Amino acid sequence: MVNANNRFQERATQEATHTELFILAHRENTHRINVGFDGTWILLGGILAGMEILGIVQTHQ
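Residues numbered from 1 in each chain as written. Predicted model: local features only at pLDDT ≥ 70, side-chain atom pairs only at ≥ 80, totals over all residues. Heavy atoms only, no water.

## Things to note about the overall build of the chain
Working step 1: Helix and strand counts for the chain stand at two helices and zero strands.
Working step 2: Expected size for 61 residues packed as a compact globule is a radius of gyration near 10 Å; at 21 Å, the chain overshoots this value by more than 25%.
Working step 3: Taken over 61 residues, the chain has a buried fraction of 7%.
Working step 4: When the accessible surface of the chain is split by element, carbon and sulfur atoms take 63% of a total near 5,300 Å².
Working step 5: In the chain, 4 side chains carry a positive charge and 6 a negative one; their mean positions are 5 Å apart. (Helix = DSSP H or I, 4+ residues; strand = E, 2+ residues; numbered from the N terminus. Rg over C-alpha atoms; globule rule 2.2 N^0.38 Å. Buried < 20%, exposed > 50% of the residue type's maximum accessible area, 1.4 Å probe, protein only. Areas by Shrake-Rupley, 256 points an atom, 1.4 Å probe, with all protein chains shown as cover. Lys, Arg positive; Asp, Glu negative; His and termini not counted. Charge placed at Lys NZ, Arg CZ, Asp CG, Glu CD.)

## What about the pattern of salt bridges?
Working step 1: Evaluation of the coordinates by the stated rule reveals one salt bridge.
Working step 2: The residue Glu28 makes a salt bridge to Arg32 at a minimum N-O spacing of 2.9 Å. In this pair, Glu28 and Arg32 are both assigned in helix H2 (residues 18-59), four residues apart and thus about one turn of the helix distant.
Working step 3: Overall, Arg32 belongs to the partly exposed group, its relative accessible area being 40%. (Salt bridge = Lys/Arg side-chain N within 4 Å of Asp/Glu carboxyl O.)

## Points about the side chain of Glu28
Working step 1: Residue Glu28 is classed as buried on the basis of its relative accessible area, which comes to 8%.
Working step 2: A distance of 2.9 Å separates the side chain of Glu28 from the side chain of Arg32, its partner in a polar contact. (Polar contact = N/O pair within 3.5 Å; in protein donor to acceptor, adjacent residues only side chain to side chain.)

## A few points about the environment of Gln9
Working step 1: Take Gln9: it is sitting in helix H1 (residues 2-13).
Working step 2: The spacing of Gln9 and Glu20 is 11 residues in sequence and 12 Å in space, taken between C-alpha atoms.

Written out as structure tokens, the structure reads:
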């Protein structure tokens with residue numbers, strides 16, 4: 001995300017066109033959303049794994 005943000009800042013200070021800035025902003029936002037959902041999937045996977053382990057432990061008692 002840092003690279004996408006830096007690239008946007010560089011182009012903004014170099015008098016880029018509105019189209020170029022729109023495309024760069026879109027890429028930055030897309031990357032930000034993807035990173036956020038990666039964390040969500042990791043959290044959800046951990047919860048599901050914990051529930052499965054709990055179910056296995058409870059059936060073997």
